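Summary of structural features
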2 protein chains.
Amino acid sequence: MADRLHRVVVLGGGFGGISAVDTLKRADVEITIIDRRNHHLFQPLLYQVATAALDTSQVAWTIRALMRNRPKVKTLMGTVTDIDTEKREVHLEDESTVPYHSLIISTGSRHDYFGNDHWEELAPGLKTLEDAVAIRRQVLMSFEAAEREPDPQKQKALMTFAIVGAGPTGVELAGAIIELAKESLRDEYRSIDPRNARVVLIEGGDQVLGPFDDELSEYAKQALEKRGVEVVLNQLVSAIDEDGLDYGEERLEAKTVVWAAGVRASPAARWLGVEADKAGRVPVNEDLSVKGFENVFCVGDTASMKAPDGSPVPGIADAAKQSGRHAANMVLARLGGEPTKPFAYKHKGDLATIGKRAAAVDLGWIKLKGKLAWWVWGIAHIYFLIDARNRIQVILSWLFIYLTGRRGAQLISQGPAAEPDPMEEVTDEHHDVDPADTGDEPARASGG
Amino acid sequence: MADRLHRVVVLGGGFGGISAVDTLKRADVEITIIDRRNHHLFQPLLYQVATAALDTSQVAWTIRALMRNRPKVKTLMGTVTDIDTEKREVHLEDESTVPYHSLIISTGSRHDYFGNDHWEELAPGLKTLEDAVAIRRQVLMSFEAAEREPDPQKQKALMTFAIVGAGPTGVELAGAIIELAKESLRDEYRSIDPRNARVVLIEGGDQVLGPFDDELSEYAKQALEKRGVEVVLNQLVSAIDEDGLDYGEERLEAKTVVWAAGVRASPAARWLGVEADKAGRVPVNEDLSVKGFENVFCVGDTASMKAPDGSPVPGIADAAKQSGRHAANMVLARLGGEPTKPFAYKHKGDLATIGKRAAAVDLGWIKLKGKLAWWVWGIAHIYFLIDARNRIQVILSWLFIYLTGRRGAQLISQGPAAEPDPMEEVTDEHHDVDPADTGDEPARASGG
């Protein structure tokens, strides 16, 4: 029976989890990969879904499809509730348990509102496909509402977009929203001019793209400003409400606030019963095993990892991939009776795009900016996409935007459960109708 | 001032509304098009979104983008609550009013549950992008749940898909779901074999594709059965519940039921204060004006229209287009002081696809089935797509499916507001956690 095989359970189908499974694929082990969603997400391009350049299926693949040709890999869609490290079992929400011999945890991170968790409602972050679709809807609906709004003050607030945090996600979002407003939406409105939209990027530190070389940070700031983004440095947001936010001594009226300022690890530490660091991450040994559990590994954003020079490993896709691969190799080393090795993170570089023909690329040994960096950024991202279909479709979408300035995915879709009314197009009022008539009102099936 | 121009208001951005605006584009009139969604939808391919072959942006375009180069056309996203035919004003949900001189109503239809409106929750229909994404999620989640389900009875019910109504939508959905199960998902599961999925198509009439030529209907039935679809004729569904449905003397355990059995017009009759026919449609004069209101026209699924031979005009895209164009021409005729003419509907044909290399095409003067019909169907649909980007992307998606059997859009996305938990990947339990820890729980911004 297969029961005699070593069972590796991988939690999370992000970059860390997928690369762990990849590394294990030729070994004689049984693998189960568990994720609460059914898809792997190419997060570096997620901001393009949020800004209507790409559609969801261009940046995501079902984990099952990725595992199609690996009969030894079982994919489970499920939500972890706990881990029993004594019995070596993962507990899922549907009350099933999944036993393991080795466990690799790569469950990623979520936004951190630094103690102001009620801000999440007011200032959504960008981590999932649903986040991206929600931000896209919020941005497009703001222009729709502005078109109908007679009060110029309110119109202005609707057309003001604040982004908190000027790391790569914040910078890319800011650049893409200003481009959407000034180029893609330009001719689509009659009462407003979308080119008057304000995009304000607020950063607590003293430069945008903090981890990049200073010269590139300065370039990115200037490139953003040249495009019309207002960059505010050295300012912490002190309050967010439905009409805008406060920072320093300032008040900004902005109906849309997007949060790109910090992340907190998934609750793996709680599942394991170990103490997390202040970002919620699990402390790991040099070989990425969790202190006290030699058969449990934590990787990616979930783990508090150090590079060989003692600096923290950044929360980027490539770090998740490298650590996922390392953990898988350590599982195999243990199986082969070999000693484990310390994880040697190698930082390959940082990339961020600002807009058409403008990006910053810092590979350490070489720093690029402007048009050349933009090409490097684009080619690198196409290269890292998972399959040919997506590569071709993303290239086509980009080409279309590049040539026409128009964006193909400007759709506002209600979430099915959020949808108040099922009428196809223009429809009737919800509340003051003849009660005999309300029979055809919604109560939409939530569809699973 | 522009106030002197004749103001035409078009309600609905479906096929009827868009073709009305198209017809008016060279006339010296002011046009406002109002829809509660921001997009025009290519409904004939919507079932392909529901079955993971295409993504939402491939079958929809924002109305604004379609109107980009028409400065005389104003697009409003808004929900009609009433029409004041005395004052000639459309009232919107946000309490604004839109005055008109001429009004063209093309607000489409929604499913009709024949008095059993609570079935909507249990058996969603397919009319909107949200419907399609909900059905896609429901179908894919059923396989996911079946993979985890130990009870063989429950597993069987999860893998049984009932479709009520065997018109083109029902037939196309049935063919696509069986293809999804038998081909696309085939190698993706370990505990279940998706090829064991049952698709049951239940029709009250005595043939599938009722409006088609008998020979084509018989062909379609055989083609469906050859692919594994169970076709049940002459049976009315008498009950639907969470575990399945009853028809005739039979009980079918099916966790997924999709409704494709009937439509009811949008509530335009109520807005106008006129009596609707039994399908909720507005009775119209021969020239498509509403009885009693010579400056108000109803077209498409909203209107009860007759063909020159006295037969009812079918609720298909081309009928909406023809009637929208006619209504717009009648507005122009009146403006020019000319008499209006009766609407002369010309039925060009019916098309439905069953699966790979199988379709039925009935153009009256020629009837096609099988491979040739499938090519005609595919080319016709590509031709009618609105722009080059979509054409290329749909062709690519189809080519990819044709060559690999895989579908690119098998993503399960939670509706943002429906989403219980924002954790990126595997995440913690919702209820029995340390209360001090729930700070990072959701309360997701609904995003507009």
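Rules behind the numbers
Residues numbered from 1 in each chain as written. Chains lettered and ligands numbered in written order. Predicted model: local features only at pLDDT ≥ 70, side-chain atom pairs only at ≥ 80, totals over all residues. Heavy atoms only, no water. Helix = DSSP H or I, 4+ residues; strand = E, 2+ residues; numbered from the N terminus. Rg over C-alpha atoms; globule rule 2.2 N^0.38 Å. Contact = heavy atoms within 4.5 Å. Lys, Arg positive; Asp, Glu negative; His and termini not counted. Charge placed at Lys NZ, Arg CZ, Asp CG, Glu CD. Pairing = 2+ DSSP bridges. Axes fitted to C-alpha atoms, helices over the stretch in contact; angles between N-to-C directions. Domains from an automatic or database assignment. Buried area = accessible area lost by both parts, 1.4 Å probe. Salt bridge = Lys/Arg side-chain N within 4 Å of Asp/Glu carboxyl O. Polar contact = N/O pair within 3.5 Å; in protein donor to acceptor, adjacent residues only side chain to side chain. Nonpolar A, V, L, I, M, F, W, Y, C, P; charged D, E, K, R; others polar. Buried < 20%, exposed > 50% of the residue type's maximum accessible area, 1.4 Å probe, protein only. Phe/Tyr/Trp six-rings, centres within 6.5 Å; stacked < 30°, edge-to-face > 60°. Lys NZ or Arg CZ within 6 Å of the ring centre and 35° of its normal.

**What about the overall build of chain A?**
Helix and strand counts for chain A come out as 12 helices and 25 strands. Taking 22 Å as the expected radius of gyration for a compact globule of 448 residues, we find that chain A reaches 23 Å, a close match to that expectation. Projected onto the principal axes, the alpha-carbon positions of chain A cover approximately 75 × 65 × 45 Å. Long-range pairs, those at least 24 residues apart, make up 63% of the contacts in chain A with a sequence separation of at least 6. Where the 52 positive side-chain charges of chain A centre and where its 67 negative ones centre are 9 Å apart.

**A word on the sheet that holds strand β6 (residues 80-84) of chain B**
Residue and element names in this part refer to chain B. With antiparallel pairing, three strands are arranged side by side in an open sheet as β6-β7-β8. Of all strands in the sheet, those with a lone pairing partner are β6 and β8 (97-99), marking the two edges. Strand-to-strand twist in this sheet, taken as the mean axis angle between neighbours without regard to direction, amounts to 20 degrees. Relative to β8, strand β7 (residues 89-92) runs antiparallel, the two sharing three bridges. Its bridge partner lying in β8, Glu89 is registered against Pro99.

**Observations concerning the domain arrangement of chain A**
All names here are of chain A. When cut into domains, chain A gives domain 1 (2-111 + 263-335) and domain 2 (119-261). Each of domain 1 and domain 2 has a C-alpha centre, and the two are 32 Å apart. Counting from both sides, the interface comprises 21 residues of domain 1 and, opposite them, 18 residues of domain 2. Roughly 1,800 Å² of surface becomes buried between domain 1 and domain 2 when both sides are summed, with 64% attributable to carbon and sulfur atoms. Applying the counting criterion to the domain 1 and domain 2 interface returns four salt bridges. Applying the counting criterion to the domain 1 and domain 2 interface returns six residue pairs in polar contact (both at pLDDT 80 or more). Elements that contribute at least two residues to the side of domain 1 that touches domain 2 include exactly β3 (39-41), α2 (46-50) and β10 (109-111). Here the side of domain 1 that touches domain 2 gets four residues from one element, more than from any other, and that element is α2. When its residues are assigned to classes, the side of domain 1 that touches domain 2 shows 11 nonpolar, six polar and four charged.

**Looking at the environment of Gly378 of chain B**
Residues and elements named next belong to chain B. Of note, Gly378 is situated in helix α11 (residues 370-384). Residue Gly378 is classed as buried on the basis of its relative accessible area, which comes to 12%. Once the C-alpha coordinates of Gly378 and Glu294 are considered, the two residues, 84 residues apart in sequence, prove to be 40 Å apart.

**Observations concerning the pairing of strand β1 (residues 6-11) of chain A**
All names here are of chain A. Across the six residues of β1, six count as buried, placing the element largely inside the fold. Neither face of β1 is exposed, since His6, Val8 and Val10 on one face and Arg7, Val9 and Leu11 on the opposite face are all buried. Strand direction decides the pairing type here: β1 and strand β2 (residues 29-35), joined by six bridges, are parallel. Bridge pairing links Val8 to Ile31 in β2.

**Let's talk about the packing of aromatic side chains**
Residues and elements named next belong to chain A. The full count for this structure, using the stated rule, is 24 aromatic pairs over all chains. Their ring planes at 25 degrees and their centres at 4.8 Å tell us that Tyr113 and Trp259 sit as a pair that is stacked. You can see Tyr113 sitting in the loop between β10 and α4 (119-122) and its partner Trp259 sitting in strand β17 (residues 256-259), a full 146 residues away along the chain. Accessibility classification places Tyr113 together with Trp259 in one group, the buried group. In textbook terms, an aromatic cluster arises when at least three aromatic residues are bridged by ring pairs, as seen for Tyr113, Phe114, Trp119 and Trp259. Seen from the ring of Tyr402, Lys356 lies directly overhead, with NZ or CZ sitting 5.0 Å from the centre.

**Observations regarding the environment of Gly244 of chain A**
Residue and element names in this part refer to chain A. Topologically, Gly244 is positioned in strand β15 (residues 244-247). Between the C-alpha atom of Gly244 and that of Arg406, which follows or precedes it by 162 residues, the distance is 29 Å. If we skip the residues at most four places from it in the chain, Gly244 touches Ala239, Arg251, Leu252, Glu253 and Ala254.

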